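# Fold and contact review
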Amino acid sequence: MESWYGKLGICLLPLALVPIFFFLTAEGYLSFGGGEKDIILVFPMMIWAILYAIAFTVLWVKRNPVWRCAALAVAVATVPLVVAWAGLFIWAAFSF
């Protein structure tokens, strides 16, 4: 998997899945019980996919192996979202 088009495919796969997820949610094939509000779930997924692609690209340019690029990009993309959700949870829990 050391070819550039294989790396590019791994880099852009999450971004390619966002429109599919949006379509399936909007058409009702995927339902999370929130009705039209389920579409809001696309935004964190989109932010995660963009952060993943940026981190993967930076690590790719620095000549890291594919498995390391993917693993570190997942970590780099996940940490800000977890911190944001934790902050929102704490804010909602303590704002009476």
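Everything discussed here concerns the structure shown above.
Before going into details, it helps to say that this report is about the structure given with it. (Residues numbered from 1 in each chain as written. Predicted model: local features only at pLDDT ≥ 70, side-chain atom pairs only at ≥ 80, totals over all residues. Heavy atoms only, no water.)

What follows covers the overall build of the protein chain. Of the regular secondary structure elements, the protein chain holds three helices and zero strands. In the protein chain, the succession of helices and strands from N to C terminus is α-α-α. Against the 2.2 N^0.38 benchmark of 12 Å for 96 residues, the protein chain shows a C-alpha radius of gyration of 16 Å, more extended than a compact globule. With the principal axes as the frame, the protein chain shows a C-alpha extent of 50 × 35 × 15 Å. Relative to its 96 residues, the protein chain shows a buried fraction of 22%. Of the contacts formed within the protein chain by residues at least 6 apart in sequence, a portion of 54% connects residues at least 24 apart. Total accessible area on the protein chain is roughly 6900 Å²; 77% of this is exposed by carbon and sulfur atoms. Separation between the mean location of the 5 positive side-chain charges and that of the 4 negative ones in the protein chain comes to 23 Å. (Helix = DSSP H or I, 4+ residues; strand = E, 2+ residues; numbered from the N terminus. Rg over C-alpha atoms; globule rule 2.2 N^0.38 Å. Buried < 20%, exposed > 50% of the residue type's maximum accessible area, 1.4 Å probe, protein only. Contact = heavy atoms within 4.5 Å. Areas by Shrake-Rupley, 256 points an atom, 1.4 Å probe, with all protein chains shown as cover. Lys, Arg positive; Asp, Glu negative; His and termini not counted. Charge placed at Lys NZ, Arg CZ, Asp CG, Glu CD.)

Looking now at the environment of Thr57. Residue placement: Thr57 occurs in helix 2 (residues 42–61). Sequence spacing of Thr57 and Trp67 is ten residues, and the spatial spacing of their C-alpha atoms is 13 Å. Of the polar contacts made by the side chain of Thr57, one reaches the backbone oxygen of Ala53; its length is 2.6 Å. (Polar contact = N/O pair within 3.5 Å; in protein donor to acceptor, adjacent residues only side chain to side chain.)

Cys11, Tyr52, Ala53, Ala55, Phe56, Leu59, Cys69, Ala73 and Ala77 together form the largest nonpolar core, which totals nine residues. Contributing elements (two or more residues each) for this core: helix 2 and helix 3 (66–94). Element by element, the count of residues in this core is highest for helix 2, at five residues. (Core = buried A, V, L, I, M, F, W, Y, C linked by side-chain atoms within 4.5 Å.)

This paragraph deals with the packing of aromatic side chains. Counted by the stated rule, this structure contains six aromatic pairs. Where Trp48 meets Tyr52, the ring centres are 5.3 Å apart and the plane angle is 10°; that geometry is what we call stacked. On the criterion of helical spacing, the pair formed by Trp48 and Tyr52 is a turn pair, its members being four residues apart in helix 2. Note on Phe56 and Trp60: the rings are 6.4 Å apart at their centroids and 70° apart in plane angle, and the pair reads as edge-to-face. Residue Phe56 and its partner Trp60 are located together in helix 2, separated by four residues, close to a single helical turn. Here the aromatic residues Trp48, Tyr52, Phe56 and Trp60 are joined through ring pairs into a cluster of three or more. (Phe/Tyr/Trp six-rings, centres within 6.5 Å; stacked < 30°, edge-to-face > 60°.)

This part takes up the side chain of Thr25. Here Thr25 lies in helix 1 (residues 4–26). A relative accessible area of 6% means that Thr25 is categorised as buried. In this view, Thr25 contacts Leu30, Phe32, Asp38 and Ile39; residues no more than four positions away in its chain are not counted.

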